[in-house]
Amino acid sequence: MRISELMQWPEIQVLMNMEYLTLPDVFIHSVRVAHITERLLERIDVGVSHDEVLVGALLHDIGKLFVPFNLNLSPKRFTSVEHSIMHSHTSAGFKIVKGIFPSVACDIVYMHHEKDDGSGYPVGLIKNDIPNYVKLVCVADIYEALTARRTYKKPYSHDVAISKMYNDAIDMRYVHELNIIGEFILSEIDNNPIVEHLELMV
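Scoring rules and cut-offs
Residues numbered from 1 in each chain as written. Predicted model: local features only at pLDDT ≥ 70, side-chain atom pairs only at ≥ 80, totals over all residues. Heavy atoms only, no water. Helix = DSSP H or I, 4+ residues; strand = E, 2+ residues; numbered from the N terminus. Buried < 20%, exposed > 50% of the residue type's maximum accessible area, 1.4 Å probe, protein only. Contact = heavy atoms within 4.5 Å. Areas by Shrake-Rupley, 256 points an atom, 1.4 Å probe, with all protein chains shown as cover. Core = buried A, V, L, I, M, F, W, Y, C linked by side-chain atoms within 4.5 Å.

Some points on the overall build of the protein
Stage number 1. Secondary structure summary: the protein contains 13 helices and zero strands in total.
Stage number 2. Per-residue burial over the protein gives 50% buried out of 202 residues.
Stage number 3. A sequence separation of at least 24 residues applies to 63% of the contacts in the protein between residues at least 6 apart.
Stage number 4. On the protein, roughly 9,900 Å² of surface is accessible, and the fraction owed to carbon and sulfur atoms is 55%.

What follows is the structure in structure tokens.
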């Protein structure tokens, strides 16, 4: 099922509309992450429903609706207290989606900042404790954040973004597949009609 069709589900539509109205940059990021995820799923079998993974990708940052508005927009380095508050978006998001969406999607919302070396959050899981479908969305999430233009930063090129990701504690299988897709994926998401239309409105 295409992302645009998933976004018509009433439960998803309500949450995504809330995200767009309050945090349009986060909304655009989420849609772009879902598109990158979709392209990776065309190359990689993670053993679960692709639609459920895409739902998780669309809603992965929904918990930011409950993070103070000024932190979501802040370009500055966070204090330790602000870091803790921002990190809470994974747990807050999980509370929103639990019992409404499939467990795969809920796992992605809750775990998408975990890392193989245990340095992630909210739990500090390591390696095989993190489902492959979560790792895939994590890679898509980081890649989009690095290559996206923000009001407070310029986008990194594909090559620079991949280089940075190879140096981090991120599952290399998915970074490798993302590198193979190359700059094609950037061109595709930059010209996505949903995102392109909304960026004009922000």
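Here the narrative resumes.
Quick notes on the environment of V46
Stage number 1. Inspection of the secondary structure assignment puts V46 in the loop between α3 (24-41) and α4 (50-59).
Stage number 2. Sequence separation between V46 and L136 is 90 residues; the distance between their C-alpha atoms is 8.4 Å.
Stage number 3. Residue contacts for V46: discarding those within four places in its chain leaves L41, V53, N132, Y133, L136 and Y174.

Side note on the nonpolar core
Stage number 1. Formed by 54 residues in total, the largest nonpolar core has its most connected members in F101 and Y143.
Stage number 2. Setting aside its immediate chain neighbours within four residues, Y143 contacts I36, H158, A161, I162, M165, L178, G182, I185 and L186.

Geometric descriptors of this kind do not, in isolation, establish any biological role.
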